[in-house]
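Single-letter residue listing:
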Amino acid sequence: MMAIMSMQNPATGELLGSLQEATPEQVEDAMALARLAFPAWSTTSLAERLDYLTRLRHYLVDHGEEIARKISEATGKVTLEAYMTEIFVTVDTIRFYEKHAYQMLADQPVPTSLVLWPKKSFIHYKPMGVVAVISPWNYPFQLAVIPVLSALVAGNTVILKPSEVTASTGLLIEEVFSAVSMPDGVVTVLHGGREAGQALVAARPDKIFFTGSVATGKKIMAAASEHLIPVELELGGKDPMIVFEDAHLERAANGAVWGAFTNSGQVCMSVERLFVHERVYPEFLKLVTEKTKALRQSYPNQAEVGSMTSSQQIGIVREHVNEALAAGATTVTGGLPSSDSMYIAPTILTNVTSDMKIMREETFGPVLPIMTFATEEEAVRLANSSPYGLNASVWSADKTKADRVARQLESGNVCINDVIISYANPHLPFGGVKQSGIGRYRGPSGLQAFTHSISVIHDPGKRKREFNWYPYTKDQELTFVGLTNLLYGKLQNVNRRTLGAIWREFKRLF
């Protein structure tokens, strides 16, 4: 029996329609179709594949405002934020691939050691097959479309399972790819929740790309391990922001407010732990509080902060805040609503301690807890005292100090005097360490992650044999001992007898 998912605007409660969840049989059919489409798509020239991306870019530019409005309806975020973070970032990434994919996917020549002369070596990037992309609800368009595009450019076919929380955006993505006339089976969108995701993993794709929670990521990895399916996991964060006493406090306060409250804090790279040097803490807290109180919260326009997207997430935010307040934390501004509202006012907490959930677990809501520190060493220790390691930021006018601290942080991405922005540069790889994930996407290595790196070594094929082939001889033994000393050891150990053996072996090759 097919399950029916209802689609709703979280900000207004308006019903957007309903959608049938894919059955296990439909998942199997989608996998069969994707496998059928793979040979033709993988052998299509890169120029032809990029032509589809160009069409997609033009479509997104022409229809960007309308698409952003529909994303706002699905998520409750303000439309400007939807346009900036969903449409612009996606279009910018497409342009990056149009300019650089040729170089990134071209055969890469690598050096070959002297003893292997006259062979030549290179790396060939080969498509993997069918890639399964399972995407989240916080940025339901770009966090689905960008991995899909990366896999497609590399020559794979793709099955996308968007989040059921923002199911209407899944329909929107389906419409967008249909508008550019992608060949049958090259991109398939499967709608549904946990069961559809489990069925997709069970269908044994050639790679799984998952963005979401740590708990679900672990389950996917465990299931994939049964068949040794490569997995890339982009998971959660508890990102620290360190503000030193010499930082530009006005800029840092603006950065903290945007980094903590953009998309109602539902960003894997949100500022979720703020550490401020004790000397500037009073002034900094005053600035952050003023700027937070000035934020407008509404939907869909003339505001900075929209609603939450997931009612389940509100429960987690409520739990973290209530536990902190019960343990002695103080609400400077904001606070949780007493009703079942989908809106949470941007909230600042002080008097927090490292053992509170608000400082240990991913909150994923518009809450900014602030602590002080006294020394650089303490700031680094506090920042690294987390099982997560996705993004971090360091704020200081001292370039040397900022760089020194950045290099000590256990984080996949670090910003200096900025927040979150790492992801916006498509030239940079993106991913986490520790429980924030496995693998990288974006940048050259991110595109190549959707391929098998095939090593190729080529010999002209004109010699009768190689040094190391049968039959083994005494001269061969002397040759290898001599070459080892000649290339890596002491020259005085190479005598006339050894040189003679090398010469005889050399002549035996031809």
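Position labels on residues start from 1 in each chain and follow its written sequence. Under the rules for a predicted model, residues below a pLDDT of 70 receive no local features and side-chain atom pairs below 80 are neither given nor counted, while totals for whole chains, interfaces and linings still include all residues. Here the side-chain values reflect all heavy atoms present in the structure, with hydrogen atoms and water set aside.

Visitor: Sorry if this is basic, but what is going on with the overall build of the protein here?
Guide: Under the scheme used here, helices are H or I runs from DSSP no shorter than 4 residues and strands are E runs no shorter than 2 residues, and both carry numbers assigned from the N terminus. Summing up its helical and strand segments, the protein has 16 helices and 20 strands in all. Considered along the principal axes of its C-alpha atoms, the protein spans approximately 90 × 60 × 40 Å. Residues counted as buried form 54% of the 510 residues belonging to the protein. For the protein, long-range pairs separated by at least 24 residues make up 70% of all intrachain contacts whose partners lie at least 6 apart in sequence. Surface exposure here means Shrake-Rupley accessible area, sampled with a 1.4 Å probe, where a residue is shielded only by the protein chains that are shown. A total accessible area of about 23100 Å² is found for the protein, and carbon and sulfur atoms account for 55% of it. Charged residues are defined narrowly, with Lys and Arg counted positive, Asp and Glu counted negative, and His plus the chain ends left uncounted. Taken as the charge centre is NZ of Lys, CZ of Arg, CG of Asp or CD of Glu, depending on the residue. Both charge centroids of the protein, one from 48 positive and one from 52 negative side chains, sit 12 Å from each other. Buried, partly exposed and exposed residues are distinguished by accessible area as a fraction of the type maximum, computed with a 1.4 Å probe on protein chains only: under 20%, between the cut-offs, and over 50%, respectively. Contacts were defined at the residue level, with two residues in contact if any of their heavy atoms lie within 4.5 Å.

Visitor: Teacher, can you tell me more about the nonpolar core here?
Guide: One recurring pattern in soluble globular proteins: nonpolar side chains tend to sit buried together. In terms of nonpolar packing, the biggest core is built from 83 residues, with Leu152, Phe177, Val243 and Phe284 touching the most fellow members. It is helix α3 (residues 79-105) that provides the largest number of residues to this core, a total of 10 residues. Once you skip the residues sitting within four places of it in the chain, phenylalanine 177 turns out to touch Leu56, Val145, Val148, Leu149, Leu152, Met182 and Val187. With 29 residues, the next largest nonpolar core counts Met308, Val367, Ala383 and Ala392 among its residues. In this text, buried Ala, Val, Leu, Ile, Met, Phe, Trp, Tyr and Cys residues form a nonpolar core when linked through side-chain atoms within 4.5 Å.

Visitor: Is there a simple way to explain the state of the cysteines in this structure?
Guide: Such a bond, covalent and formed between the sulfur atoms of two cysteines, is termed a disulfide. Pairs of cysteine sulfur atoms within 2.5 Å are what we label disulfides. Taken as a whole and judged by the stated rule, the model has zero disulfides. Of the cysteine sulfurs around cysteine 268, a residue in no disulfide, the closest is that of cysteine 415, at 12 Å.

Visitor: Any chance you could explain the packing of helix α8 (residues 249-261) against helix α9 (residues 281-293) here in plain terms?
Guide: Angle between the axes and distance between the axes: these two values describe a pair of packed helices. In contact at an axis separation of 9 Å, α8 and α9 are set at 50° when each is read in the N-to-C sense. With respect to α9, the element α8 is oriented oblique. The crossing of α8 and α9 is right-handed. Along its contact with α8, which presents Leu249, Glu250, Ala252, Ala253, Asn254, Ala256, Val257 and Phe261, the element α9 presents Glu283, Phe284, Leu287, Val288, Lys291 and Thr292. Each residue is assigned to one class: nonpolar for Ala, Val, Leu, Ile, Met, Phe, Trp, Tyr, Cys and Pro, charged for Asp, Glu, Lys and Arg, and polar for all the others, Gly among them. Grouping the amino acids of the contact of α8 with α9 by side-chain chemistry returns nine nonpolar, two polar and three charged. Each axis is a line fitted through C-alpha atoms, and for a helix only the stretch in contact is used; angles between axes span 0 to 180 degrees, taken between their N-to-C directions. Roughly parallel refers to an angle under 35 degrees, roughly antiparallel to one over 145, roughly perpendicular to one between 65 and 115, and oblique to any angle outside these ranges. It is the rotation of the near helix from the far one that decides the hand of a crossing: anticlockwise by less than a right angle makes it left-handed, clockwise makes it right-handed.

Visitor: How do you make sense of the UniProt feature "active site" (unreviewed entry) in the protein when you look at a structure like this?
Guide: Per the UniProt entry, the sites bearing "active site" (unreviewed entry) are Glu234 in this numbering. With respect to the secondary-structure elements, glutamate 234 resides in strand β9 (residues 231-234). Judged by relative accessible area, glutamate 234 falls into the buried class, the value being 4%. Not counting chain neighbours up to four residues away, the residues in contact with glutamate 234 comprise Phe209, Phe210, Thr211, Gly212, Phe430, Gly431, Gly432, Ser436, Gly439, Arg440 and Tyr441. UniProt positions are given in the numbering used here, feature names are shortened, and annotations may be inferred rather than shown by experiment.

Visitor: Which parts of the structure should I look at to understand the sheet that holds strand β12 (residues 330-335)?
Guide: Within a sheet, neighbouring strands are paired by backbone hydrogen bonds and run either parallel or antiparallel to one another. With mixed pairing, seven strands are arranged side by side in an open sheet as β12-β13-β14-β11-β10-β16-β17. In the strand order of this sheet, the two ends are held by β12 and β17 (413-416), each with one partner. The average undirected angle you get between the axes of adjacent strands in this sheet is 15°. Inspection of the sheet shows β12 paired to strand β13 (residues 345-350) by four bridges, in the antiparallel sense. Bridge pairing links glycine 335 to alanine 345 in β13. At least two bridges found by DSSP between two strands are what make those strands a pair.

Visitor: Any chance you could explain the UniProt feature "domain: Aldehyde dehydrogenase" (unreviewed entry) in the protein here in plain terms?
Guide: The UniProt record marks residues 6-453 with the feature "domain: Aldehyde dehydrogenase" (unreviewed entry), using the residue numbering of this structure. Helix and strand shares over residues 6-453 are 43% and 20% respectively, and the end C-alpha atoms of the span are 43 Å apart.

Visitor: Help me understand the environment of arginine 296, please; the structure alone is not making it clear to me.
Guide: Mapped onto the secondary structure, arginine 296 falls in the loop between α9 and α10 (311-326). Under the relative-accessibility criterion, arginine 296 is labelled partly exposed at 44%. Considered as a pair, arginine 296 and alanine 203 are 93 residues apart in the sequence and their alpha carbons are 46 Å apart. Discounting chain neighbours no more than four positions away, the residues touching arginine 296 are Gln302, Ala303, Glu304 and Val305. Under the rule applied, a polar contact is a pair of N or O atoms within 3.5 Å (in protein, one hydrogen donor and one hydrogen acceptor; residues adjacent in sequence only if both atoms are side-chain atoms). A polar contact is formed between the side chain of arginine 296 and the side chain of glutamate 304, at a distance of 2.5 Å.

Visitor: What should I look at first to understand the side chain of glutamine 313 in this one?
Guide: By the secondary structure assignment, glutamine 313 is in helix α10. Among all residues touching glutamine 313, those that are not within four sequence positions of it are Trp137, Met308, Thr363 and Phe364.

Visitor: Got a minute to help me understand the packing of helix α1 (residues 24-43) against helix α6 (residues 194-202) in this structure?
Guide: Where α1 contacts α6, the axes come no closer than 9 Å and their chain directions differ by 40°. On the basis of their axis angle, the class for α1 and α6 is oblique. In the packing of α1 onto α6, the handedness of the crossing is right-handed. Taken together, the residues of α6 that come into contact with α1 (itself represented by Pro24, Val27 and Met31) are Ala196, Ala199 and Leu200. Class assignment of the residues belonging to the contact of α1 with α6 gives a composition of six nonpolar, no polar and no charged.

Visitor: Teacher, can you tell me more about the packing of aromatic side chains here?
Guide: What describes a pair of aromatic rings is the distance from one ring centre to the other and the angle between the planes of the rings. Each Phe, Tyr or Trp ring, with Trp reduced to its six-membered ring, pairs with another whose centre is within 6.5 Å; inter-plane angles below 30 degrees give stacked pairs, above 60 give edge-to-face pairs, and intermediate values give tilted ones. The final tally for this structure, using the stated rule, is 10 aromatic pairs. Aromatic side chains phenylalanine 96 and tyrosine 97 sit 5.6 Å apart centroid to centroid with 45° between the ring planes, which places their arrangement in the tilted category. Tyrosine 97 matches phenylalanine 96 in its accessibility class, with the two residues each being buried. Each ring, one from phenylalanine 430 and one from tyrosine 441, has its centre 6.2 Å from the other, and the planes form 80°; the classification is edge-to-face. Here phenylalanine 430 is found in the loop between β17 and β18 (433-434), whereas its partner tyrosine 441 is found in the loop between β19 (437-438) and α14 (443-448), with 11 residues between them in sequence. Residue phenylalanine 430 is classed as buried on the basis of its relative accessible area of 4%. One aromatic cluster is present, built from ring pairs that chain together Phe209, Tyr423, Phe430, Tyr441 and Phe450. We call a charge positioned above a ring when the Lys NZ or Arg CZ atom is no farther than 6 Å from the ring centre and deviates by at most 35 degrees from the ring normal. Sitting over the face of the ring of tyrosine 52, arginine 55 holds its NZ or CZ atom 4.4 Å from the ring centroid.

Visitor: I'm lost on the sheet that holds β9 in this one. Help?
Guide: Sheet architecture is open: six strands sit in the order β7-β6-β5-β8-β9-β19, paired in mixed fashion. With partners counted over all chains shown, the strands left at the sheet margins are β7 (187-189) and β19, one partner each. Alignment of strand β5 (residues 130-134) against strand β8 (residues 207-211), held across four bridges, turns out to be parallel. By the bridge assignment, isoleucine 134 is partnered in β8 with phenylalanine 210. Strand contacts of helix α4 (residues 142-153): β5, β6 (157-161), β7 and β8, with the helix running at about 165° to β6, the strand carrying the most contacts. Contacts from helix α7 (residues 214-225) reach β5, β8, β9 and β19 within the one sheet, and its direction differs from that of β8 by about 170°.

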